[in-house]
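What the coordinates show
Each chain is listed here by its residues.
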Amino acid sequence: MKAIVVEDECFIRQGIIKKIDWKKFGITDVLDADNGVDAYELIISEKPDIVLLDICMPKMSGIELLELIRSENINCKVVILSGHDEFEHAQKAMRHGVEYYLLKPSSPERIEAVLGNICAALNTDAAKERDYRELLERNKKTTPYFRAGFIYSLIMGDMRDQDEIRSLGDYLGVDLGKKYCIAAVFALDDHKSSETPERIMLDKLEITEVIEEILCEDCGIIDHFLPRKVILILFSDYMDKLKWHCFDSVKKVCNNLPEHLCNDIYIGIGSVHEVVPGISVSFQEAVLALDYRFFDKKRHVYYVGDMAFDGLVPSNYPYDEEKNFIESIRLCKIEKAYEHLNAITDALKDDKSVKTVALAKIHLKQLVYQMIQVVIELEGNIEDLFGNGDVVEKLEQFKSITDYKLFLEETAERLCNYIEKKRYLKYTAVIRKVLSFVEENYTDESLRLEKIAEHVSMHPNYLSQFFKKHKGESLSSYICRFRVQKAEELLLLPNHKKVYDIAAEVGFSDAHYFSICFRNIKGVTPSEYRQTLK
């Protein structure tokens, strides 16, 4: 940290600089100025953390300097050193955010006490700023996962609250302000022997870039997180024009795709629906349209309206079971998770409205992505759950619902164990912190649940329940027992302190209450206990 001493009297200025132990506060640079103008230039160039400022100086007064630096949003900590004990001076200084107003002469001890408080506050502010920046960085890293999860929720239709949907959309940069929507799904053809995961990703990225270049500001939603697919959702307030706008856009994208793509590209297009629930229906229609490749691979664009079925009947997919599956994992109830997973897979097998295997796969993959989300919320490492392999590639290799189910069961069990380990480490750390705090402060008569809860940053009620669950006794009982144990050690000493002195020494304000607690725990009073030792 850096400090500037602004004082026109040389012997006072030099005295402050020499007599203060700056280094013990982490202040490595101490500069000085003898007038307000020079001080202003020094503050602008050096950007100090702390300024010790006299009020009466030549060229520019301390108050004028203070007003000037505050007008330019310079937020250094300021301590006024003044020989004037006048309310008006103090009032003006405090209006400009002065930390302390000291009268001269002030002893080095008084100035150091003030510096200690200021530096402690600066260190706290710096720590909060670091924590905030770390939080922003973590949020920046995880936002793509949240955005992908939000888009999956939209296309799967499992979000009901319109206000929540639009609020999340605004936060994640997804504009849902138009009235109608239509979905197009760009799908890479089946695997080729020459392709690699990197090549697949490059192809998807190139498709995405072409879409963005063709549509510019009118992109709607573009997402390439689904395996071998790029999703495009277009929006408009005009229903009749949206369908033709989508076809025209898809045609332009196809004409501009680079020839070196490793995979052939097929596009499925759904029909126009109202936002927001229509996003899911149009997307699923586009996926169904792609299934027509089985009958005719000469075409590259398939519109759901040209197929032999009339749109998509909304499926009876058990969204509640999906929610309960993830919730059971969060609670580490693996058997319950298995039950909910069985209900999901049985529903996918029996639901006649799910007309393609693709939709069932999307539902099952969504379960995997939600488990990934749980790991992210725990600030864990996804590789701890899935290893170093590409989980998306692994999912693409499954050929049956049984393969998915086995994978989901194994992953759910690993995730439950992972959560329990994380929580155990967190819980044991809290308990150790509580025990250490009690050991260091048991002599304090005011040691209470609220003070300990504040120390470990937990709500008192929750800490009380948490401690009893993990230690088998209440926190107040533990404190009492610990104090009695310390009192027992003092009673063993040959100095024969009075019982009421020992009670006060171990944190009891009432000697009678101390005797009651001692007898309840040891079976005898402190005096009787001492007699047995003779």
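Attention here is on the structure that accompanies the text. (Residues numbered from 1 in each chain as written. Predicted model: local features only at pLDDT ≥ 70, side-chain atom pairs only at ≥ 80, totals over all residues. Heavy atoms only, no water.)

What to know about the packing of aromatic side chains
- With the rule as written, the count across this model stands at ten aromatic pairs.
- Both rings, one in Tyr478 and one in Phe482, keep their centres 6.2 Å apart while their planes meet at 35 degrees; by these two values the pair is tilted. Highlighted residues: Tyr478 and Phe482, both in helix 18 (residues 475–491), separated by four residues, approximately one helical turn.
- Owing to a relative accessible area of 12%, Tyr478 belongs among the buried residues under this scheme. (Phe/Tyr/Trp six-rings, centres within 6.5 Å; stacked < 30°, edge-to-face > 60°. Helix = DSSP H or I, 4+ residues; strand = E, 2+ residues; numbered from the N terminus. Buried < 20%, exposed > 50% of the residue type's maximum accessible area, 1.4 Å probe, protein only.)

Regarding the environment of His273
- Within the secondary structure, His273 sits in strand 10 (residues 273–274).
- The exposure class assigned to His273 is partly exposed, which follows from its relative accessible area of 22%.
- Along the backbone, His273 and Cys181 are 92 residues apart, and their C-alpha atoms lie at a distance of 5.5 Å.
- Apart from residues lying up to four places away in sequence, His273 is in contact with Lys179, Tyr180, Cys181, Gly278, Val281, Ser282 and Glu285. (Contact = heavy atoms within 4.5 Å.)

Concerning unusual backbone geometry
- A positive phi angle, near 60 degrees, is found at Asn73, a position not held by glycine.
- The class for Asn73 is exposed, based on a relative accessible area of 62%.
- Phi at Cys332 is positive, roughly 60 degrees, even though this residue is not glycine.

Looking at the pattern of salt bridges
- This structure, assessed with the given rule, holds eleven salt bridges.
- Measuring nitrogen to oxygen at the nearest pair gives 2.8 Å for the salt bridge that ties Arg133 to Glu129. A residue pair is termed a helical-turn pair when its members lie 3 or 4 positions apart in one helix, as Arg133 and Glu129 do in helix 5 (residues 108–156) at four residues.
- Note on Arg133: relative accessible area 53%, which makes it exposed.
- Ionic pairing is found between Arg481 and Glu473, a salt bridge with its closest N-O pair at 2.4 Å.
- By relative accessible area, Arg481 is classed as partly exposed at 36%.
- For Glu473, a relative accessible area of 14% corresponds to the buried category. (Salt bridge = Lys/Arg side-chain N within 4 Å of Asp/Glu carboxyl O.)

Focus on the pairing of strand 6 (residues 180–188)
- For strand 6, the buried fraction is high: nine of the nine residues fall into the buried class.
- Going residue by residue along strand 6, you find Tyr180, Ile182, Ala184, Phe186 and Leu188 tucked away on one face and Cys181, Ala183, Val185 and Ala187 tucked away on the opposite face as well.
- In this structure, strand 6 lies alongside strand 10, joined through two bridges in antiparallel fashion. Bridged to Cys181 within strand 10 is His273.
- Of the strand pairs in this sheet, strand 6 and strand 9 (residues 265–269) are connected by five bridges, and their pairing is antiparallel. Considered in strand 9, the bridge of Ala187 is made with Tyr266. (Pairing = 2+ DSSP bridges.)

Points about the nonpolar core
- With 94 residues, the main nonpolar core has Leu176, Phe186 and Phe325 as its most contacted residues.
- The greatest single-element share of this core, amounting to twelve residues, is contributed by helix 12 (residues 357–377).
- Residues within four places of Leu176 in sequence aside, it is in contact with Phe150, Leu154, Ile165, Arg166, Ile221, Phe235, Val275, Val276 and Ile279.
- By size, the runner-up hydrophobic cluster in this structure holds 32 residues, among which are Leu463, Leu475, Tyr478 and Phe514. (Core = buried A, V, L, I, M, F, W, Y, C linked by side-chain atoms within 4.5 Å.)

With respect to the packing of helix 7 (residues 197–215) against helix 8 (residues 239–256)
- Remark: helix 7 packs on helix 8, axes separated minimally by 9 Å, with the N-to-C direction vectors making an angle of 125 degrees. Comparing the axis directions of helix 7 and helix 8 gives the class oblique. For the pair helix 7 and helix 8, the crossing hand works out as right-handed. Touching Val210, Ile211, Ile214 and Leu215 of helix 7 are His245, Ser249, Lys252, Val253 and Asn256, all from helix 8.
- Split into classes, the residues belonging to the contact of helix 7 with helix 8 amount to five nonpolar, three polar and one charged. (Axes fitted to C-alpha atoms, helices over the stretch in contact; angles between N-to-C directions. Parallel < 35°, antiparallel > 145°, perpendicular 65-115°, else oblique. Left-handed = near helix turned anticlockwise from the far one by under 90°. Nonpolar A, V, L, I, M, F, W, Y, C, P; charged D, E, K, R; others polar.)

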